[in-house]
Amino acid sequence: MMRLGDLERAVMDVLWDRAPAADGRVGVSVREVAEALHDRELAYTTVMTVLDRLAGKGMVEREREGRAWSYRPAATREAYIAQLMLDALDLAGSRDAALVRFARSVTGTEADVLRAALAAEAEPAMADDVADRRG
C-alpha cells in the first residue's frame, strides 16, 4: 500500500470523515471536497485531479451521479493505517524486534486494547484446536 502525499491525505480525510453520508448518499462530490478544503485555496480542477489519481490507485471508488462523479473511500481509515503498519513491519530486519519495540512504546490504554484484540483473535483458534482434538 502506498503512502499518501499531504494533499492526498487531506482529500482522503474529507472522504473518511464524510462517508457514509448521513443522508444516505453513496459518496462525496468534487465540489464538496473542494469546499471542505477551502482553507487550502485549491482549484476545483486540482481536487478533481487528486480524486482521479486516488481512484487510479484504488484508494477511492467513484460512481456517476448525473453528470458528476461521487467519491467514497475504498477502505476505512483504520484499514489503511493497519496496512501501513504491516508494510512498515515488512521493512524491518526483524518483525519480532519491531513488534516488541512498538509494544513498549504504546500507552497503558493502548496496550489494553492490543491485549483485548489478541485475546479475541485467539479465542476462535483455541475453539478450533479443541474441536480438532475431539473430532
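Predicted model only: the values in this text are computed from it and were never measured.

**Student:** Would you mind going over the layout of surface pockets in detail, with residue names and values included?
**Tutor:** A volume near 220 Å³ is recorded for the largest pocket. In terms of lining, the largest pocket is formed by Leu99, Phe102, Ala103, Val106, Ala111, Leu114, Arg115, Ala117 and Leu118. Going through the elements one at a time, helix 5 (95-105) and helix 6 (108-134) are the ones with two or more residues in the lining of the largest pocket. Among the residues forming the lining of the largest pocket, the class breakdown is eight nonpolar, no polar and one charged. Of the voids in this model, the second largest pocket is the one considered here, and its volume is about 150 Å³. In terms of lining, the second largest pocket is formed by Ala82, Met85, Leu86, Ala88, Leu89, Ala98, Leu99 and Phe102. Going through the elements one at a time, helix 4 (77-91) and helix 5 are the ones with two or more residues in the lining of the second largest pocket. Top element by residues in the lining of the second largest pocket is helix 4. It accounts for five residues. Classifying every residue of the lining of the second largest pocket by side-chain character gives eight nonpolar, no polar and no charged.

**Student:** Account for the nonpolar core, naming residues and giving values.
**Tutor:** Residues Met12, Leu15, Val33, Leu51 and Leu54 are the most contacted members of the largest nonpolar core, which totals 20 residues. Of all elements in the fold, only helix 1 (6-18), helix 2 (30-36) and helix 3 (44-56) reach the threshold of two or more residues within this core. Sort the elements by how many residues they give to this core and helix 1 lands first, with six residues. Once you skip the residues sitting within four places of it in the chain, Leu15 turns out to touch Val28, Val33, Leu51, Val60, Tyr71 and Pro73.

**Student:** Before we move on, can you summarise the side chain of Glu8 with the specific residues and values?
**Tutor:** Topologically, Glu8 is positioned in helix 1. Here Lys57 takes part through its side chain, which lies 2.6 Å from a polar atom of the side chain of Glu8. Setting aside anything within four residues of it in sequence, one finds Glu8 in contact with Arg3, Val50, Leu54 and Lys57.

**Student:** An account of the packing of helix 1 against helix 4 is requested, with residue identities and associated values reported.
**Tutor:** It is at 10 Å that the axes of helix 1 and helix 4 come closest, and there the two elements cross at 135 degrees. One way to sum up the angle between helix 1 and helix 4 is to call them oblique. Counted together, Arg9, Asp13, Trp16 and Asp17 of helix 1 and Arg77, Tyr80 and Ile81 of helix 4 form the full contact between these two elements. Of the residues that constitute the contact of helix 1 with helix 4, the class distribution is three nonpolar, no polar and four charged.

**Student:** Quick rundown of the sheet that holds strand 2 (residues 60-65)? Include the residues and the values.
**Tutor:** Reading across from one edge, 1-3-2 is the order of the three strands in this open sheet, with antiparallel pairing throughout. Bordering the open sheet on either side are strand 1 (28-29) and strand 2, each of which pairs with just one other strand. As paired elements, strand 1 and strand 3 (residues 68-73) share two bridges and run antiparallel to each other. Considered in strand 3, the bridge of Ser29 is made with Ser70.

Definitions and cut-offs
Each residue is numbered by its place in its chain's sequence as written, counting from 1. Per-residue local features of the predicted model are confined to residues with pLDDT of at least 70, and side-chain atom pairs are confined, for both listing and counting, to 80 or more; whole-chain, interface and lining totals are unaffected and use all residues. Excluding hydrogens and water, the side-chain figures rest on all heavy atoms present in the structure. The definitions used throughout rest on a 1 Å grid laid over the protein atoms alone, on which a cavity is an enclosed set of points accommodating a 1.4 Å probe that cannot get out and a pocket is an open set flanked by protein within 12 Å on both sides along at least five of seven lines; lining residues are those having an atom within 4 Å of a point. Grid points are joined across faces, edges and corners, and a volume is the space filled by probe spheres set on the points. Numbering of helices and strands starts at the N terminus; helices are DSSP runs of H or I of at least 4 residues and strands are runs of E of at least 2. In the scheme used here, Gly and all other residues not listed as nonpolar or charged are polar, with Ala, Val, Leu, Ile, Met, Phe, Trp, Tyr, Cys and Pro taken as nonpolar and Asp, Glu, Lys and Arg as charged. Here the nonpolar core consists of buried residues drawn from Ala, Val, Leu, Ile, Met, Phe, Trp, Tyr and Cys, with membership extended through side-chain atoms lying within 4.5 Å. Using a 1.4 Å probe on the protein chains alone, a residue whose accessible area is under 20% of its type maximum counts as buried, one over 50% counts as exposed, and one in between counts as partly exposed. Between two residues, a contact is recorded if the distance between any of their heavy atoms is within 4.5 Å. Two N or O atoms count as a polar contact when they lie within 3.5 Å, although within protein this holds only if one can serve as hydrogen donor and the other as acceptor, and sequence-adjacent residues are included solely when both atoms are side-chain atoms. Only the stretch in contact is used when a helix axis is fitted, and all axes are lines through C-alpha atoms; the angle between N-to-C directions ranges over 0 to 180 degrees. Should an angle fall under 35 degrees it is called roughly parallel, over 145 degrees roughly antiparallel, and 65 to 115 degrees roughly perpendicular, with every other angle called oblique. When DSSP locates at least two bridges between a pair of strands, those strands are taken to pair.

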